[in-house]
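Chain by chain, the residues:
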Amino acid sequence: MHSARAGHGRARRAADGLNMTQALSIALSKGRILEEGLPLLARAGITPAEDPLSSRKLVLATNLPDVRLVIIRAADVPTYVQFGAADLGIAGKDVLMEYEGDGLYELMDLKIARCRLMVAEPANLAARDDPKLWTRVRVATKYVNLTRRHFAAKGIQTDIIKLYGSMELAPLVGLSDRIVDLVSSGNTLKANGLVEVEHIADVSAWLVANKASMKMKHARLKALVDRLAQAVG
Ligand code: PRT
Ligand code: MG
């Protein structure tokens, strides 16, 4: 009796394991990506089995039996996809530019969660400042890698202060005059007396894929990617 139950448990776990590896997974983050991504997924014929905005589940089944959504932090999406923990992912170009792995394909621009990556500084400094004269700048940002690359390409040295959020606060409290951050409406900068002084990149969310999955699960992934491409229009 005991061993039969254990046997059943093993079979059950094996079946779950099979299901986990065969289902196609899409990693995406709560917040803007999910808010704008859900209508896009719906247009592609993919709807979660329960509301991801209210559910605490991190893995969600969808109306398609072999597609599930994995809900993770935005900055973790490239890692999950590179290591094959998800077949596909939806990640902001900012996150992809910052991530320095090379194990994923950037398949297509989903044209959602649009914004721009900017250098900003206090308005009173900008009035007498000229970015063309910069040789060394102190910058607060969560985008350490892309900030260093951006300035290095222009021959400017950087002292970077790594933050995890609320970059707009840094100039107000004397941490650094300049910040590198995302801007969409511009209201946050304005509310904190900051102005944009340099444009680094236009940002939107991209569909990324694990390289091995694109070979091993090609037909099913291609069908899914085609549906998403149609939904983007
Ligand atoms: O918030 P959390 O720490 O969990 O993670 P996250 O900040 O990485 O996630 P989330 O959901 O805030 O952002 C996910 C993705 O949305 C980003 O990686 C971008 O690709 C995209 N996105 C689009 C934005 C914005 N627009 C945006 N405006 N992400 C952040 N912002 C912030 C910006 O950092 C600034 O603080 O909004 C503020 C500016 O907005 P405006 O409208 O006042 O200019
Ligand atoms: Mg955020």
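Residues numbered from 1 in each chain as written. Chains lettered and ligands numbered in written order. Predicted model: local features only at pLDDT ≥ 70, side-chain atom pairs only at ≥ 80, totals over all residues. Heavy atoms only, no water.

A. Representation of the overall build of the chain within the structure. Secondary structure summary: the chain contains 10 helices and 11 strands in total. Counting only C-alpha atoms, the chain reaches 80 × 45 × 35 Å along its principal axes. Relative to its 233 residues, the chain shows a buried fraction of 43%. Expressed as a percentage of contacts within the chain between residues at least 6 apart in sequence, the contacts between residues at least 24 apart total 67%. Per element, the accessible surface of the chain, about 12700 Å² overall, is 53% carbon and sulfur. Averaged over its 32 positive side-chain charges, the chain has a centre that lies 7 Å from the centre of its 25 negative ones. (Helix = DSSP H or I, 4+ residues; strand = E, 2+ residues; numbered from the N terminus. Buried < 20%, exposed > 50% of the residue type's maximum accessible area, 1.4 Å probe, protein only. Contact = heavy atoms within 4.5 Å. Areas by Shrake-Rupley, 256 points an atom, 1.4 Å probe, with all protein chains shown as cover. Lys, Arg positive; Asp, Glu negative; His and termini not counted. Charge placed at Lys NZ, Arg CZ, Asp CG, Glu CD.)

B. Quick peek at the sheet that holds strand β3 (residues 67–71). Spatial ordering of the open sheet is given by β2-β3-β1-β4-β11-β5, a layout of 6 strands whose pairing is mixed. The two strands at the open ends of the sheet, each matched to only one other strand, are β2 (59–61) and β5 (104–109). For this sheet, the mean inter-axis angle between neighbouring strands, taken without regard to orientation, is 25 degrees. Pairing of strand β1 (residues 24–28) with β3 involves 5 bridges; the strand directions are parallel. (Pairing = 2+ DSSP bridges. Axes fitted to C-alpha atoms, helices over the stretch in contact; angles between N-to-C directions.)

C. Here's a closer look at the pairing of β3. Burial of β3 is extensive: 5 of the 5 residues sit out of reach of the surface. Side chains Val67, Leu69 and Ile71 of β3 all project onto a buried face; the interleaved residues Arg68 and Val70 project onto the opposite face, where all are buried too. Judged from the 3 bridges that link them, β2 and β3 form a sheet pairing that is antiparallel. Bridge pairing in β3 places Ala61 opposite Arg68. Linking two consecutive strands that pair antiparallel, namely β2 and β3, is a turn of 5 residues.

D. Seen up close, the site of ligand 1. Near ligand 1 there are 23 residues, and of these Asp94, Glu168, Ser185, Gly186 and Thr188 occur at the shortest range. Taking Ser184, its main chain carries an N or O atom lying 2.8 Å from an oxygen atom of ligand 1. Here an oxygen atom of ligand 1 and a side-chain polar atom of Thr188 are 2.5 Å apart. Looking at the shell around ligand 1, the elements with two or more residues in it are α2 (32–43), α4 (93–98), β9 (178–183) and α8 (187–191). (Near = heavy atom within 4 Å. Polar contact = N/O pair within 3.5 Å; in protein donor to acceptor, adjacent residues only side chain to side chain.)

E. Just a positive patch on the surface, in detail. Among the surface-exposed residues, Arg32, Arg73, Lys142 and Lys162 lie close enough to one another that they form a single positively charged patch. Within the element layout of this structure, Lys162 appears in strand β8 (residues 157–162). (Patch = residues over 30% accessible without salt bridge, like charges linked within 9 Å, V, L, I, M, F, W, Y side chains within 5 Å. Salt bridge = Lys/Arg side-chain N within 4 Å of Asp/Glu carboxyl O.)

F. The arrangement of the packing of aromatic side chains in detail. This model, assessed by the stated rule, comprises 1 aromatic pair. On the basis of an interplanar angle of 50 degrees and a centroid distance of 6.1 Å, the ring pair of Trp134 and Phe151 is categorised as tilted. With Trp134 in the loop between α5 (123–126) and β7 (136–141) and Phe151 in helix α6 (residues 144–152), the pair connects residues that are 17 residues apart, well separated along the chain. Both residues of the pair, Trp134 and Phe151, count as buried. Taking NZ or CZ as reference, Lys93 lies 4.4 Å from the ring centre of Trp206, over its face. (Phe/Tyr/Trp six-rings, centres within 6.5 Å; stacked < 30°, edge-to-face > 60°. Lys NZ or Arg CZ within 6 Å of the ring centre and 35° of its normal.)

G. Spotlight on the sheet that holds β9. Judged by pairing direction, the sheet is mixed, and its 5 strands sit side by side in the order β8-β7-β9-β6-β10 without closing on themselves. The open sheet terminates on both sides in strands that have one partner only, identified here as β8 and β10 (194–203). Put simply, the sheet's adjacent strands are angled 30 degrees from each other on average, direction ignored.

H. Expanded view of the side chain of His150. With respect to the helices and strands, the residue His150 is situated in helix α6. The contacts of His150, once residues within four sequence positions are left out, are Glu198, His199 and Ile200.

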